[in-house]
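Chains, contacts and geometry: an overview
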Amino acid sequence: MKAEDENPYLLLTPGPLSTSLAVRRAMLRDWCTWDEDYNLGVVTPIREALVRLVSAEEGYTCVLMQGSGTFSVEAAIGTALPADGRLLILANGAYGNRLAQIAARLRISHVVQDSGELRPPDLAHLERALGDDPGITHVMMVHVETTTGMLNPVQEAGRIVRRLGRCFLVDAMSSFGGIPMDAADWGIDFLVSSANKCIQGVPGFGFVLAKRSELEKTEGWARSLALDLYDQWRTMEEGRGKWRYTSPTHTVRAFAEALRELEEEGGVPARHARYSENHRILVEGMERLGFPCLLPAEWRSPVITSFLSPREPGYDFRKFYGRLKERGFVIYPGKVTEVDTFRIATIGNVFPDDIRRLLTAVEESMDW
């Protein structure tokens, strides 16, 4: 870390993640949620910038939503599905399962295709299901399933869904801004992400990038007042950036700075290249130290990597975690139910030399 950075450690987690000093400093000013300096000067440019990131084609719009990323996921599901809609969920981890939890809580008719935590979704199964059940109106899946770090085949799934005439929703929480994508080309109608992921902002709000023609259909469909995506969008459109309820102003201003830094770095392709290099150095170094990856290389994302825990009787994750934290690094516990693992993320304001320093710290902490 740079000398002027007061953080005692790097967050090697999938969000919140380590941010730049400039992003944190952007929160030092107070803003009025009704003032045009904020709505036109900060919120509107953010919405426009996010639309440019999601697709080179026109026809998409952006809705910002208070709360964590899950709030925006629930807003998308609860608004995009009509009363007689039916949702097919492709799940292969905790966050795919959370989509099903949301649908169940909202009493939305749904079916889950669960391929298990250690395999990607079965696209042939998806195609058969859509062909066999005309009642399925929407499909949803997670792009990067951070339970394992798996990069799911969203592009291939989206083209199947579009060809068979359904609406496609994607939880791109941990990928948007860090992995190149084109919503129009991939057939994505609703894409959900959060401020504190690959854009490298701080927690406080999420956002939905929606195909305007699909969002316009949803007036009156929402199952929640606060999470009504259509009403939030309509207010932002007519109010030129105004939020329906109190906006997380400091977080939003920090996000504007994070977007500026993304553009300065070279956009999503450059950020993806840095994350991929972080990931490559991490995997090679950890495997050299005796920590095999959970997933085969072709299924891994550059966002977060699951490693198999050592089988030595003296290994204890909490002690390992504590030793790394003392050396300036915070990693993530495992989330896989079938295997004992831990996870290390390679996104955020983290660079290849940081990963090399981490590997030295890992080697120094292997006292079991």
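Notes on the structure follow. All of these numbers come straight from a predicted model, not from anything done at the bench. (Residues numbered from 1 in each chain as written. Predicted model: local features only at pLDDT ≥ 70, side-chain atom pairs only at ≥ 80, totals over all residues. Heavy atoms only, no water.)

1. A look at the sheet that holds strand β8 (residues 167-171)
Quick reminder of the rule: What makes two strands pair is DSSP finding at least two bridges between them. Secondary structure elements follow DSSP: runs of H or I no shorter than four residues count as helices, runs of E no shorter than two count as strands, and numbering proceeds from the N terminus. To define axes, lines are fitted to C-alpha atoms, for helices over the stretch in contact only, and angles between the resulting N-to-C directions are given on a 0 to 180 degree scale. Whether two residues are in contact is decided by their heavy atoms, any of which lying within 4.5 Å being enough.
An order of β2-β10-β9-β8-β5-β3-β4 is seen for the seven strands of this open sheet, with the pairing classed as mixed. Only two strands of the sheet have a single neighbouring strand rather than two, namely β2 (60-66) and β4 (109-114). The mean angle between the axes of side-by-side strands here comes to 20°, regardless of whether they run parallel or antiparallel. Note that β2 and strand β10 (residues 205-211) share seven bridges and pair antiparallel. Looking at the pairing, Tyr 60 lines up with Lys 211 of β10. Running over the sheet, helix α6 (residues 154-163) touches β5 (138-142) and β8 and is turned about 160° from β8.

2. Considering the nonpolar core
Applicable threshold: We define the nonpolar core as a collection of buried residues of types Ala, Val, Leu, Ile, Met, Phe, Trp, Tyr and Cys that are connected through side-chain atoms lying within 4.5 Å of one another. Relative accessibility decides the category of a residue: with a 1.4 Å probe and only protein chains considered, values under 20% of the type maximum give buried, values over 50% give exposed, and everything between is partly exposed.
With 50 residues, the main nonpolar core has Leu 50, Leu 64, Leu 126 and Phe 176 as its most contacted residues. Here this core takes seven residues from helix α2 (residues 36-54), the largest share from any one element. Beyond its immediate chain neighbours, meaning those up to four positions away, Leu 64 contacts Val 43, Ile 46, Arg 47, Leu 50, Phe 205, Gly 206, Phe 207, Gln 232, Met 236 and Trp 243.

3. Describing the state of the cysteines
Where we set the bar: The rule for a disulfide is simple: a pair of cysteine sulfur atoms within 2.5 Å.
What the rule picks out here adds up to zero disulfides. Cys 293 takes part in no disulfide bond, and the closest cysteine sulfur to it belongs to Cys 198, at a distance of 18 Å.

4. Brief notes about the pattern of salt bridges
What counts here: In the sections that follow, a salt bridge refers to a side-chain nitrogen of Lys or Arg positioned within 4 Å of a carboxyl oxygen of Asp or Glu.
Scanning the model with the defined rule gives 17 salt bridges in all. Arg 163 is the salt-bridge partner of Glu 127, the closest N and O atoms lying 2.8 Å from each other. Of this pair, Glu 127 sits in helix α5 (residues 123-132) while Arg 163 sits in helix α6, and the two are 36 residues apart along the sequence. Its relative accessible area of 31% is what places Glu 127 among the partly exposed residues. Because the salt bridges share partners, they merge into one network encompassing Arg 47, Arg 212 and Glu 237.

5. Here we look at unusual backbone geometry
Along the chain, Gly 15 connects to Pro 16 via a cis peptide bond; the corresponding omega equals 0°. By secondary structure assignment, the location of Pro 16 is in the loop between β1 (10-11) and α1 (21-25). Non-glycine residue Arg 107 carries a positive phi angle of around 60°. Locating Arg 107 in the fold gives a position in the loop between α4 (94-105) and β4. Residue Arg 107 is classed as exposed on the basis of its relative accessible area, which comes to 76%. Phi is positive for Gln 200, which is not a glycine, with a value near 75°. Inspection of the secondary structure puts Gln 200 in the loop between β9 (190-194) and β10.

6. Side note on α5
Definition in use: Of all possible arcs, the one meant is that of the directions from the helix axis to the C-beta atoms.
Of all the residues in α5, the buried ones are Leu 123, Leu 126, Ala 129 and Leu 130. Along the axis of α5, the buried residues cluster in a sector spanning 115°; they form a single face. Of the residues in α5, the exposed ones pointing more than 90 degrees away from the buried face are Gly 131 and Asp 132. Among the structural elements, β3 (86-91), β4, β5 and α6 are those in contact with the buried residues of α5.

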